[in-house]
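Geometric and topological summary
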Amino acid sequence: MSEAGPVLLATALLKDYPMNGETVHALRGVSLRVHRGDYVAIAGPSGSGKSTLLQLIGGIDTPSSGSVEILGTRLESLKDRELTRLRLTRLGFIFQRFHLLPVLTARENVELPMAEAGLGGAERRARARELLAYVGLGGRADHRATQLSGGEMQRVAIARALANRPAVLLADEPTGELDAATGQEILDLFRRLNADGTTLVVVTHDQRLAAEAGRVIHMLDGRILGD
Amino acid sequence: MIPVSLPRWLGASGLFCLLATSPAAAQVAEVAIERALARELELSVGDTVRLGTAPDSMDRRAVVAAVYEPRPDPAEIAKRERHLRMHLPDLAALLGVPDQVDRLGVGLHPGVSADSAAAALNRTAFGFRAYPSSAIAAESSQTFLVVSRFHRAIAVITIVASAVFLLCIMLLKVEERRMDAAVMRFVGVRRRTIFGALLLEAALVAAVGSAAGTGLAFLAGAATNAYYRRFFDTALTFSQITPQIVLFSVLLSLALGLAAGGLASWRLVRTRPMVLWGRG
């Protein structure tokens, strides 16, 4: 499934946090290469550094040292505005707790990144409806986020993450708030996304999700144990 | 006719009046009484009253020739006095001092300056002093000017307190959005967009607040007027909300709302997304 030239390249990432007067080493030299079409699961116990790794490769936090490249662009070299633009157009984020804007409908939540990217109203409405249909929520487009179930909210969040056709979809415990049956629906959706060509990097405790991924990275104490 | 003041309970000073129900007789004086007095004494046109300067000397009879509605006067309202009007000779005869007048009003032809008329009278007359009505009005309005300044001071304090309260509300509202703002930043929404959205929300809150406040002010004003008009039995307007006041209030509310919302939003968007996320 991999092609030449990584979509995402992380090299020797170190991340230290000051905590109660001491330094916590969240990542201790992590390197990662993800190619187009990969489905990567990052697994490990709590505190192993997997979420920190996802934040660094997603450009929402900065490493103490090391570098991250998305499609050949080094994130450290970007100004805040450029990094924001890169997150908007190249990356898609899915959170454990969905984090939809409650005052907006499902369609409006999906439209938000497209509006920010400058897409015209008609075009983004059409694409939002198309994406919601893709995740199985064609009939719920005009419901507010608060009127949706947990599984439905996560589907909307996935549609939102796909809005600007990102190079990589980053998900942090996407089934963590869902029951087993609903979690399975999300796994099925991820499998379908990957089969349709979406590159996925998923942080998870869920063994089923890890088993679905084509590649599993095990982390412990800020290091990669196995890939 | 000359207006004569009566204390409301009709017996302490000046002039006394006793209700009589006999029909009007010939040669009796005519008086006009104000509506409130007529209502309180259950008098109507044609009734006869006895007048005097003391309770034991009410030997003058007068017939009620008219019931009138006095022009509302805020300077008079708290005095709780009642008035009747008599012809000057009748009043002089009643008081027994034909040549004694405390106050009298002089009507001027249209176009004649009150100031110059007063000056002319003061130059030629002896034993009294003439004032233009504007000077008397200004003098009698001093209390109201003081009250007005007091109201203004209360308004300023209220506005300052409201501004602080509004700022706190806006800060709290914006603080509630920390997670939303962090997620929006993560998915690539610019600071400017978030700031604009929050500012728009602040403006909407201020606009809705000022509309609600204006509505409430009109209701409170109507209730105030209804209560005090009934209490003082007058047609005076106690609370008045002019278009200028509404405009000033709405603009001030919008300005304060935008300032408070802008300050709170600016603080939010300047914070690093990871700090907003609670992991910074």
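Note that the structure is a prediction, hence the values are computed from the model and not measured.

**Focus on the interface of chain A and chain B**
Taken residue by residue, the interface counts 17 residues in chain A and 16 residues in chain B. Where chain A abuts chain B, roughly 1600 Å² becomes buried across the two surfaces, and 59% of that area is made up of carbon and sulfur atoms. Viewed at the interface, chain B and chain A are joined by 4 salt bridges. As a salt-bridge pair, R190 of chain B and E116 of chain A come within 2.6 Å of each other at their nearest N and O atoms. Inspection of the region where chain A meets chain B yields 7 residue pairs in polar contact (both at pLDDT 80 or more). Looking at the side of chain A that touches chain B, the elements that each hand over two or more residues are helix 2 (80-90) and helix 3 (106-117) of chain A. Ranked by residue count, the leading element in the side of chain A that touches chain B is helix 2 of chain A, at 4 residues. Among the residues forming the side of chain A that touches chain B, the class breakdown is 9 nonpolar, 3 polar and 5 charged.

**Examining the domain arrangement of chain B**
Residues and elements named next belong to chain B. When its domains are assigned, chain B resolves into domain 1 (2-102), domain 2 (107-140) and domain 3 (147-277). Contacts between the two partners involve 8 residues from domain 1 and, on the opposite side, 7 residues from domain 3. A buried area of about 610 Å², summed over both sides, lies between domain 1 and domain 3, and 62% of it is on carbon and sulfur atoms. Contact with domain 3 buries surface across domain 1, with P72, I77 and R80 losing the most and accounting together for 67% of the total. The interface formed by domain 1 and domain 3 contains 2 salt bridges. One salt bridge connects R35 with D233, and the closest N-O pair in it is separated by 3.3 Å. For the interface between domain 1 and domain 3, the tally reads 2 residue pairs in polar contact (both at pLDDT 80 or more). For the side of domain 1 that touches domain 3, the elements supplying multiple residues, two or more each, are helix 1 (35-41) and helix 2 (74-77).

**A look at the sheet that holds strand 9 (residues 215-220) of chain A**
Residues and elements named next belong to chain A. An order of 6-7-8-3-9-10 is seen for the 6 strands of this open sheet, with the pairing classed as mixed. One side of each edge strand has no neighbouring strand; the edge strands of this open sheet are strand 6 (91-94) and strand 10 (223-226). Across the sheet, the axes of successive neighbouring strands diverge by a mean angle of 25°, strand direction being ignored. Note: strand 3 (residues 39-43) against strand 8 (residues 199-204), 5 bridges, orientation parallel. Within the sheet, the bridge partner assigned to A43 lies in strand 8 and is T204.

**Describing the packing of aromatic side chains**
All names here are of chain B. Counted according to the given criterion, the structure contains 11 aromatic pairs over all chains. Ring centres of F186 and W277 lie 5.1 Å apart, and the angle between their planes is 65°; on these two criteria the pair is classed as edge-to-face. In this pair, F186 is assigned in helix 7 (residues 178-186) and W277 in the segment after helix 10 (273-276), connecting sequence segments 91 residues apart. Like W277, F186 is buried. Between F231 and F232 the ring centres are 5.0 Å apart and the planes differ by 90°, which places this aromatic pair in the edge-to-face class.

**What to know about helix 1 (residues 50-57) of chain A**
All names here are of chain A. Of all 8 residues in helix 1, 7 are buried; the element is thus mostly enclosed. Within helix 1 the residues assigned to the buried category are K50, T52, L53, L54, Q55, L56 and I57. G59 sits one or two residues past helix 1 and shows a positive phi near 70°.

**Here we look at helix 6 (residues 180-195) of chain A**
All names here are of chain A. With 16 residues, helix 6 should cover 22 Å at 1.5 Å per step; its first-to-last C-alpha distance of 22 Å lies within 8% of that length. For helix 6, every residue scored as buried is listed here: T182, G183, I186, L187, L189, F190, L193 and N194. The buried side chains of helix 6 occupy one side of the element, clustering within an arc of 160° when seen end-on. Seen from the buried face of helix 6, the exposed residues on the opposite side, beyond 90 degrees, are A180, A181 and A195. One side-chain oxygen of the residue at the start of helix 6 lies 3.1 Å from the amide nitrogen of A181, identifying that residue as D179. G197, located one to two residues past helix 6, shows a positive phi value of around 105°.

**Remarks on the nonpolar core**
Grouped together as the largest cluster of nonpolar side chains are 52 residues, with contacts concentrated most on L13, L53, I57, L170 and V201 of chain A. Examining the composition of this core, we find that 5 residues originate from one element, helix 7 of chain B, more than from any other. Those residues in contact with L53 of chain A, other than ones at most four positions away along the chain, are L13, L27, V30, L32, I42 and M219 of chain A. In terms of nonpolar packing, the next biggest core, distinct from the first, is built from 36 residues, A41, L148, L187 and A213 of chain A among them.

**Notes on the side chain of T204 of chain A**
Residue and element names in this part refer to chain A. Within the secondary structure, T204 sits in strand 8. Taking the relative accessible area as the measure of exposure, T204 reaches 0% and is therefore buried. Among the polar contacts listed, one links the side chain of T204 to the backbone nitrogen of D206, at a separation of 2.7 Å.

**A look at the pattern of salt bridges**
Residue and element names in this part refer to chain A. Enumeration according to the criterion identifies 26 salt bridges over all chains in this entry. The residue R127 makes a salt bridge to E130 at a minimum N-O spacing of 3.8 Å. Placement of both R127 and E130 in helix 4 (residues 121-134) is noted, with a separation of 3 residues, approximately one turn of the helix. Bridged by salt links that share partners, the residues R107, E111, R124, R129 and D142 form one connected network.

Thresholds, definitions, all that
- Residues numbered from 1 in each chain as written.
- Chains lettered and ligands numbered in written order.
- Predicted model: local features only at pLDDT ≥ 70, side-chain atom pairs only at ≥ 80, totals over all residues.
- Heavy atoms only, no water.
- Contact = heavy atoms within 4.5 Å.
- Buried area = accessible area lost by both parts, 1.4 Å probe.
- Salt bridge = Lys/Arg side-chain N within 4 Å of Asp/Glu carboxyl O.
- Polar contact = N/O pair within 3.5 Å; in protein donor to acceptor, adjacent residues only side chain to side chain.
- Helix = DSSP H or I, 4+ residues; strand = E, 2+ residues; numbered from the N terminus.
- Nonpolar A, V, L, I, M, F, W, Y, C, P; charged D, E, K, R; others polar.
- Domains from an automatic or database assignment.
- Pairing = 2+ DSSP bridges.
- Axes fitted to C-alpha atoms, helices over the stretch in contact; angles between N-to-C directions.
- Phe/Tyr/Trp six-rings, centres within 6.5 Å; stacked < 30°, edge-to-face > 60°.
- Buried < 20%, exposed > 50% of the residue type's maximum accessible area, 1.4 Å probe, protein only.
- Expected span 1.5 Å × (residues − 1).
- Arc of directions from axis to C-beta.
- Core = buried A, V, L, I, M, F, W, Y, C linked by side-chain atoms within 4.5 Å.

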